[in-house]
Amino acid sequence: MFEELKIAPPDPVFGLAEMFRADPNPAKINLTVGAYQTEDGTTPVLNCVKQAEKLIHERQTTKNYLPIDGTATFASLVARLVLGEQHPAIADGRTATAHTPGGTGALRVAADLLHQQCGTRRIWIGNPTWANHPQIFKAAGLEVLWFPYLTPDQRGLDFEHFLDALERAESGDAILLHTVCHNPTGFDLSREQWMQTLELVKSKEMVPIFDFAYQGFGEGLDEDAAVLRQYFADGHAGIVCNSFSKNMGLYGERVGGLTLVTSESRSQPAVLSQVKAIIRTIYSTPPQHGGAIVETVLSDSQLRSEWIVELDTMRRRIIDLREMFAERLAERIPDHDFSFIRRQVGMFSFSGLSREQVIRLRSEFAIYAVESGRINIAGINSRNLETICDAIAKCVEQTAEC
Ligand SMILES: Cc1ncc(COP(=O)(O)O)c(C=O)c1O
């Protein structure tokens, strides 16, 4: 029965993490996986989460199933976190939020809903993107169409060609938009570019999916949501897939949210019922513990304030690291311009390194980065910064000599 199966290609990110674990070199450095790390190289449990877990432990009376779409409290808290407390779409009853297993779960349920119920056949995705995006939408049966995102030197947005490509979009096509902290490049649209993009989305009658995996990692929880809040305040319909993996450090708990915004409140019950029908056939109900943590942190004013402080600390650390990284690289390789690293936002940076240079970094210096040249800035710390910059300088020089 399984004899003819071929080995599936390794995941570009998790596959490298496995390779890293297997590397016996004690000086190895991991800049691959998209998890935040502190100065001591760990991915900690946030204090607000630890405290919430204590409260859950004391108060919890059952491990019974959650509703298919999670609890009503979770849905209300998450919709308000994403859209803002006083958002007109919430006030008008135009939203439905389901608790999903991470942002990935939200994206897959959204893809199934579009394909099975909304007649959507195609989705536009910028190139490059998070490697799982095309896989998720293809697995749901959608055709993936690409629009360019970066200039050929990968040091900034190619907005002209981005818009040109979308001129070919048809009514009913979906489009995936990284709301903030673009993964893998770190280059976000400016406010003006967002306005132009969303005008095009509206005029072409496309369905926007806002992937919101990094709320709070750009400028702040509300600032990062400004663009999508504005879009939905104007009465448009669309989808938001948010995640608590990064901003609450709940990676392994698998907790995220799928928020559907309809243009009229009368569509809301049907949309929610279809989402529930889809979830029932995939994972039936969401995992309880992560959802309970999010509910506890967001509903307790003291824990929520503590969360915002901890999130600010993570964001500031990344901004400082980005600054130091760009500065040290410029010192070592003065004839290269690394100022683009300062213009990037969030945990990831397209370093400008070629695939060959990334492979050399791994084989000669045991420094692991994704082959696209993406590095996780949060994997840098004061102990490894100089080593990383020295190694990059050597790889860049060697390539120049070739
Ligand atoms: C752009 C993007 N979207 C979605 C996700 C999915 O996050 P989760 O771990 O919550 O499934 C990630 C995770 O790395 C991501 O980078």
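Sequence order as written defines the numbering, with residues in each chain counted from 1. Only residues with pLDDT of at least 70 get local features here, since the model is predicted, and only at 80 or more are side-chain atom pairs given and counted; chain-wide, interface and lining totals rely on the full set of residues.

### Some words on the overall build of the chain
Right, on to step 1. Helix numbers and strand numbers start at the N terminus; a helix is a DSSP run of H or I with at least 4 residues, a strand a run of E with at least 2. Helix and strand counts for the chain come out as 15 helices and 11 strands.
Right, on to step 2. Across its three principal axes, the chain shows a C-alpha extent of roughly 65 × 55 × 55 Å.
Right, on to step 3. Remark: C-beta atoms are placed from the backbone, and a residue is labelled buried if 20 or more other C-beta atoms sit within 10 Å of its own, exposed if 12 or fewer do, or partly exposed between those counts. With 402 residues in all, the chain has 44% of them scored as buried.
Right, on to step 4. The contacts in the chain between residues at least 6 apart in sequence include a share of 75% that link residues at least 24 apart. Throughout, a pair of residues is in contact if the C-beta atoms placed from their backbones lie within 7 Å.

### A look at the pairing of strand β8 (residues 256-261)
Right, on to step 1. In terms of burial, β8 is a largely internal element, 6 of the 6 residues being buried.
Right, on to step 2. Pairing analysis gives 6 bridges linking strand β2 (residues 95-100) to β8, with the strands arranged antiparallel. Along β8, the bridge assignment pairs H99 with G257.
Right, on to step 3. By the bridge criterion, 6 bridges tie strand β7 (residues 238-243) to β8 in an arrangement that is antiparallel. Bridge pairing links I239 to L260 in β8. A strand pair is defined by DSSP finding two or more bridges across the two strands.

### Thoughts on the site of the ligand
Right, on to step 1. Taken together, G34, G102, G103, T104, W130, H178, N183, D211, A213, S243, S245 and G256 make up all the residues around the ligand.
Right, on to step 2. Here the term charged refers only to Asp, Glu, Lys and Arg, the term nonpolar to Ala, Val, Leu, Ile, Met, Phe, Trp, Tyr, Cys and Pro, and the term polar to all other amino acids, Gly among them. For the shell around the ligand, the per-class residue count stands at 2 nonpolar, 9 polar and 1 charged. Only the C-beta atom, placed from the backbone, is used; a residue is near a molecule or strand if that atom lies within 6 Å of it.

### Structural notes on the nonpolar core
A general trend in soluble globular proteins is that nonpolar side chains are found buried together.
Right, on to step 1. Counting residues in each nonpolar core, the largest one holds 104 residues, and the members touching the most others are V109, A110, C241, V275, V297, A369 and I377.
Right, on to step 2. By convention here, the domain bounds are inherited from an automatic or database domain assignment. In this structure, this core is formed jointly by two domains, domain 1 (14-45 + 304-401) and domain 2 (65-299), each of which donates at least three residues.
Right, on to step 3. Contacts of I377, omitting those with residues within four sequence positions, involve I318, L321, R322, F325, M347, F348 and S349. To form a nonpolar core, buried Ala, Val, Leu, Ile, Met, Phe, Trp, Tyr and Cys residues must be joined through C-beta atoms within 7 Å.

### Details of the environment of C48
Right, on to step 1. Looking at where C48 falls in the secondary structure, it is placed in helix α2 (residues 47-59).
Right, on to step 2. Exposure remark for C48: the 25 C-beta atoms within 10 Å place this residue in the buried category.
Right, on to step 3. Here the alpha-carbon distance between C48 and Q302, two residues 254 residues apart in the chain, equals 8.8 Å.

### Considerations on the sheet that holds strand β5 (residues 174-178)
Right, on to step 1. With mixed pairing, 7 strands are arranged side by side in an open sheet as β2-β8-β7-β6-β5-β3-β4. Each of the sheet's edge strands pairs with one partner strand only, and the pair in question is β2 and β4 (143-148). Taken over all neighbouring pairs, the strand axes of this sheet differ in orientation by 20° on average, direction set aside.
Right, on to step 2. Taken together, the 2 bridges between strand β3 (residues 122-127) and β5 define a ladder with parallel strand orientation. When the bridges of β5 are listed, I123 appears paired with A174. Note on method: axes are straight lines fitted to C-alpha atoms, helices fitted across the in-contact stretch only, with angles between N-to-C directions ranging 0 to 180 degrees.

### Let's talk about helix α3 (residues 72-83)
Given 3.6 residues to a turn, an α-helix orients residues that are three or four positions apart in the same direction.
Right, on to step 1. The span one expects for a helix is its residue count, reduced by one, times 1.5 Å. Taking 1.5 Å of rise per residue, 12 residues should cover 16 Å, and α3 covers 16 Å from first to last C-alpha, within 8% of that figure.
Right, on to step 2. Here α3 has its buried residues at F74, A75, L77, V78, A79, L81, V82 and L83.
Right, on to step 3. Following α3 by one or two positions, G84 has its phi on the positive side, about 100°.

### Looking at the environment of H182
Right, on to step 1. The topology assignment puts H182 in the loop between β5 and α8 (191-203).
Right, on to step 2. For H182, a count of 27 C-beta atoms within 10 Å translates into the label buried.
Right, on to step 3. Between the C-alpha atom of H182 and that of F348, which follows or precedes it by 166 residues, the distance is 7.7 Å.
Right, on to step 4. Those residues within four positions of H182 in sequence are excluded, and the remaining contacts are F187 and D188.

### Some words on the domain arrangement of the chain
Right, on to step 1. Per the domain assignment, the segments of the chain are domain 1 (14-45 + 304-401) and domain 2 (65-299).
Right, on to step 2. Once you take the C-alpha centre of each, domain 1 and domain 2 turn out to be 27 Å apart.
Right, on to step 3. Contacts between the two partners involve 23 residues from domain 1 and, on the opposite side, 24 residues from domain 2.
Right, on to step 4. For the side of domain 1 that touches domain 2, the residue count by class is 13 nonpolar, 7 polar and 3 charged.

### Comments concerning the packing of helix α5 (residues 102-117) against helix α6 (residues 132-139)
Right, on to step 1. Remark: α5 packs on α6, axes separated minimally by 8 Å, with the N-to-C direction vectors making an angle of 35°. As α5 packs across α6, the resulting crossing turns out to be right-handed. Contacts between α5 and α6 pair T104, L107, R108 and A111 from the former with N132, I136 and F137 from the latter.
Right, on to step 2. Residue classes in the contact of α5 with α6 are distributed as 4 nonpolar, 2 polar and 1 charged. Crossings are assigned a handedness: left-handed for a near helix turned anticlockwise from the far helix by less than a right angle, right-handed for a clockwise turn.

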